[in-house]
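Chain residues, written in single-letter form:
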Amino acid sequence: MTTGQPKDDPALLIKPESPMTTSTWQHHHILDLDDFTSGEIELVYHTADAMKEVLSRPIRKVPTLRGKTVATMFYEPSTRTRVSFELAAKNLSADVVNISATASSVTKGESLIDTLDTLQSLGADMVVMRHPFSGAPYIAARYIAASIINGGDGWHAHPTQALLDLYTIREHKKEMKGLKAVIIGDILHSRVARSNIWGMTTMGMNVTLCCPPTLLPVGLDTENDRFPRVSIEPNIEAALDGADVVMTLRLQKERQQSGLLPSIREYIHLYQLNEARLNKAKPDALVLHPGPMNEGIEISPGVAHGPHSVIAEQVTNGVAIRMALLYILAGSKKQ
Amino acid sequence: MTKSWLIQGGRIIDPSQGIDHVGDLVVSDGKISSPGETTPKADYKVIPAEGLIVCPGFIDFHCHLRQPGFEEKETIATGTLAAARGGFTTVCCMPNTDPPLDNQAAIDYIKAEADASGVISVLPIGCISKGRKGEGLAEMGELAAAGVIAYSDDGSPVMNSRLMRQALDYSRTFGLPVIDHCEDTVLSNDGQMNEGILATRLGLRGIPAAAEESMVARDLALARLTGARLHIAHVSTEGSVELIRCAKEKGTRVTAEVTPHHLTLTEEEVTGYNTNAKVSPPLRTRRDIEALIKGLKENVIDIIATDHAPHAEIDKLCEFALAPSGISVFETALGSLMKLVHDGQLTLPTLIARLTSEPARIINSDKLGTFKAGAPADITIFDPEREWVVDTSNFASKGKNTPLAGSTLKGKVMATIFHGKLVYKDDSVKLEQ
């Protein structure tokens, strides 16, 4: 250990077999997983391992990001993602400012740019952003010097969620390559599903999407050469056959009102993940849910809290993953 | 300022008369001279045009000048200047202004403002429905008397099929075309871009081709029913081309237009959430482009119209879903269309016909889009080979909203003459006494 380096710097805890160092990291922002390599995702895992070690200490705080400012900018209600980022930043000793915008203030186009101007002037180093419109973090990334972390944009992407999902899977499975994952539910409106499709397939997993055709995004069933390793199976029993990982998505009640489903009752009948259906999957299958759950709708309470469920671990791992990302980005340079 | 010109040694292309030869074009006091005259009658200037194309001034059947109501986006002054820089000498402006052009006073205002501040001819299009609300017909007779050349609720489709039938029926008295922006808005459902794998990747709601095609099919059935003149605005899909082809084969009175951007750009422009590529109808796919070019070659699509839709910079500097649709097209139209000529997909005379004689036929004018002796001297001179980089800070238009910003185009307007007046000249053109 060289002198002068704080001895609780988590970088020192990254295991020696780490495939990359932060010096080969390519991203100044985390906008989506579509441009991540498997090596970069593994670097996030290894860094998160070190962060988990920090989280296991009696005092879960290291001085790594002292003097840095992390702003969270949430244009949509969120509990777990915002709190997870806030805890992650505070564990690394960053100063955290929270900016929340009401839905009404996004109806005027200028508001996003105005807020970004403010953040720029305040000198935020990293901005975690959640926004109801797809692509909003890309505007921010073009507009200000800070690193932007996408905390979920419209239907488009939720990369930190997908990374924590992958990390949770990796903790239970020795080899990710070749695993069969099934994503069930409202894929059309789901940024979690989109980011997981990128992340899982990049790590060599095969992904089966299971939903009624009205909730399936266009093009995946006909042009899936651009999404290799993705297949579609609308029948839940067939989809679950031999699955290693099962992820079910929250069903918004509005989907019925907008005519995409005849009724919630029929959805439960056809697509709820319950014990009987889960028996089709492998005996050691994992059940994930990005939350918040509608127990009794997309998932039965027995499965949500049963032996296959890793839903609680996902939440814990979320903090470690976000600490890892903040740590890595703090050392990145604007391209 | 002189209105007499000797345009020397250019390739003169006038599809209205089947002319395509190298020679001189003579303009005397604002009018095209008869073929026998070799020099203008009055004092004149010489425009050397060797290596350049000399053709009738372009006519744009579909543009938005934004005045009155949205002067921060464009005015008749800036819009006509931008059009002149693009080689246009006549533009037809859509009535989605505020207030909309649904009555004689509004049309009179456009004509007065065009006389006062416009540098080229502005022909107004009147509303189909009062206030563009899609409920009751505008006073189409009064609008015809005031001088509109067509009717449209452009920007909004006529969703009510019975109103569309009534508009077509009622228009027959005046013989003017009814232009529809074909989009079933229930089906497009606030979509943001073409529906497909790219929309899925970007997490944007898609607009299926069927949203356009189902309304094209409806309108064609209504045109058939009424016998009235129907014009389909900005055709964007392969399916629409096929529907129009079938209808024309059956003798339906329909004409159709396509924009330069739908002929040359695909949905890929949206990548990175580029709001300047957001347009209605949305940019589609390579396959659609091929069908549109084929339709243009085979007279299924009659004309090229710009749908010039300028917006202020701040309007587009926002989230993709909140950005208004539209592209500023006047000043890039020729440059982007010339790509089709350079790639061997269209001949120059065909391209020019779609910008001159064909729109003149729809407007029903024998004075426009032609070099017939005695016609007003509306002339576009362009260099088909000149390469230039699109720099929106040089635009005369207030609308800098184009996905072509920074790209290189091959083909540039060198001079535009309107009624004998030189209204635009590239810096490189040197006039001689």
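Residues numbered from 1 in each chain as written. Chains lettered and ligands numbered in written order. Predicted model: local features only at pLDDT ≥ 70, side-chain atom pairs only at ≥ 80, totals over all residues.

(A) Geometry of the overall build of chain B. Scanning chain B from N- to C-terminus turns up 14 helices and 18 strands. Along the first, second and third principal axes, the C-alpha set of chain B runs to 60 × 50 × 40 Å. Counting the 433 residues in chain B, one finds 59% classified as buried. Of the contacts formed within chain B by residues at least 6 apart in sequence, a portion of 76% connects residues at least 24 apart. (Helix = DSSP H or I, 4+ residues; strand = E, 2+ residues; numbered from the N terminus. Buried ≥ 20, exposed ≤ 12 C-beta atoms within 10 Å, placed from the backbone. Contact = placed C-beta atoms within 7 Å.)

(B) Molecular detail of the environment of B:D378. Residues and elements named next belong to chain B. Mapped onto the secondary structure, D378 falls in the loop between α14 (357-363) and β16 (379-389). On the basis of neighbour counts, which here come to 30 C-beta atoms within 10 Å, the residue D378 falls in the buried class. Residues D378 and S121 lie 257 residues apart in sequence; the distance between their C-alpha atoms is 9.9 Å. Those residues in contact with D378 that lie beyond four places of it in its chain are P56, G57, T89, T90, L368, I417, F418 and H419.

(C) Region of interest: helix α6 (residues 191-202) of chain A. Residues and elements named next belong to chain A. Spanning twelve residues, α6 covers 17 Å between terminal C-alpha atoms, matching the ideal 16 Å at 1.5 Å per step. Burial of α6 is extensive: eleven of the twelve residues sit out of reach of the surface. If you check which residues of α6 are buried, you get R191, V192, A193, R194, S195, N196, I197, W198, G199, M200 and T202. In the stretch just after α6, G204 is the one whose phi turns positive, near 90°. (Expected span 1.5 Å × (residues − 1).)

(D) Molecular detail of the environment of A:I184. All names here are of chain A. Relative to the helices and strands, I184 is located in strand β5 (residues 180-184). Spatially, the C-alpha atoms of I184 and Q272 are 8.6 Å apart, while their sequence positions differ by 88 residues. Other than its neighbours up to four places away in sequence, I184 contacts C210, C211, I236, V246, T248, L249, Y271 and L273.

(E) Structural detail: unusual backbone geometry. Residue and element names in this part refer to chain B. Along the chain, Q67 connects to P68 via a cis peptide bond; the corresponding omega equals 5°. Residue position: P68 is located in the loop between β6 (58-63) and α1 (76-85). Following S280, the chain continues into P281 via a peptide bond in cis, with omega recorded as -5°. Residue placement: P281 occurs in the loop between α9 (260-264) and α10 (286-297).

(F) Quick peek at the packing of helix α1 (residues 38-55) of chain A against helix α5 (residues 159-172) of chain A. Residue and element names in this part refer to chain A. Where α1 contacts α5, the two axes come as close as 10 Å, and the packing angle between them is 70°. Classified by the angle their axes make, α1 and α5 are roughly perpendicular. Residues I41, V44, Y45 and A48 of α1 form the contact with α5, whose participating residues are L163, L166, Y167 and R170. Here the contact of α1 with α5 is built from residues that sort into seven nonpolar, no polar and one charged. (Axes fitted to C-alpha atoms, helices over the stretch in contact; angles between N-to-C directions. Parallel < 35°, antiparallel > 145°, perpendicular 65-115°, else oblique. Nonpolar A, V, L, I, M, F, W, Y, C, P; charged D, E, K, R; others polar.)

(G) The sheet that holds strand β2 (residues 95-100) of chain A, seen in detail. Residues and elements named next belong to chain A. Here we have four strands laid out as an open sheet, ordered β2-β1-β3-β4, and parallel in their pairing. Among the strands making up the open sheet, the edge pair consists of β2 and β4 (147-153). Across this sheet, the average inter-strand angle for adjacent strands is 15°, counted without regard to direction. Note: strand β1 (residues 69-74) against β2, six bridges, orientation parallel. Bridged to V70 within β2 is V96. Of the strands in this sheet, β1, β2, β3 (126-131) and β4 touch helix α2 (residues 80-91), which is tilted by about 175° from β1. (Pairing = 2+ DSSP bridges.)

(H) Structural view of the domain arrangement of chain B. Residues and elements named next belong to chain B. Each assigned domain of chain B is listed with its residue range as follows: domain 1 (5-54 + 376-425) and domain 2 (57-363). Taking only C-alpha atoms into account, the centre of domain 1 sits 25 Å from that of domain 2. Every contact between the two is made by 31 residues of domain 1 and, on the other side, 45 residues of domain 2. Top contributing element to the side of domain 1 that touches domain 2 by residue count: strand β17 (residues 408-418), with seven residues. (Domains from an automatic or database assignment.)

(I) Highlighting the nonpolar core. With 230 residues, the main nonpolar core has A:V127, A:I183, A:V246, A:L326 and B:Y151 as its most contacted residues. With eleven residues, helix α12 (residues 311-330) of chain A is the single largest residue contributor to this core. Apart from the residues within four sequence positions on either side, B:Y151 is in contact with B:I125, B:G126, B:C127, B:I128, B:M140, B:A167, B:S171, B:L176, B:V178 and B:I179. (Core = buried A, V, L, I, M, F, W, Y, C linked by C-beta atoms within 7 Å.)

(J) Expanded view of α1(B). Residues and elements named next belong to chain B. The buried count for α1 comes to nine of ten residues, which makes it a mostly enclosed element. Turning to α1, its buried residues are I76, T78, G79, T80, L81, A82, A83, A84 and R85. The secondary structure elements touched by the buried residues of α1 are β6, β7 (88-93), α2 (104-117), β8 (121-124), β17 and β18 (421-425). Two residues or fewer past α1, G87 is found with a positive phi of approximately 90°.

(K) Just the sheet that holds strand β9 (residues 151-152) of chain B, in detail. Residue and element names in this part refer to chain B. Spatially, the five strands line up as an open sheet ordered β9-β10-β13-β14-β15, and their pairing is parallel. The open sheet is flanked by β9 and β15 (303-304), the only strands paired with a single partner. Relative to strand β14 (residues 254-258), strand β13 (residues 230-232) runs parallel, the two sharing three bridges. Bridge pairing in β14 links L230 to V254.

(L) Fine view of the interface of chain A and chain B. Contacts between the two partners involve 22 residues from chain A, matched on the other side by 18 residues from chain B. Among the elements of the structure, α3 (110-122), α4 (136-143) and α6 of chain A are those that each provide at least two residues to the side of chain A that touches chain B. Looking at the side of chain A that touches chain B residue by residue, the classes come out as eleven nonpolar, six polar and five charged.

(M) Examining the environment of B:T89 more closely. Residue and element names in this part refer to chain B. Turning to its location among the elements, T89 is positioned in strand β7. Sequence separation of T89 and I120 is 31 residues, and the distance between their C-alpha atoms is 5.2 Å. Ignoring anything within four residues of it in the chain, the contact list for T89 reads G57, F58, I120, S121, D378, T416 and F418.

(N) Structural context of the domain arrangement of chain A. Residue and element names in this part refer to chain A. Taken domain by domain, chain A holds domain 1 (10-154 + 317-330) and domain 2 (159-304). Here the C-alpha centre of domain 2 lies 26 Å away from the C-alpha centre of domain 1. Contacts between the two partners involve 22 residues from domain 1 and, on the opposite side, 16 residues from domain 2. Put simply, the parts of the chain that give the side of domain 1 that touches domain 2 at least two residues each are α1, β4 and α12.

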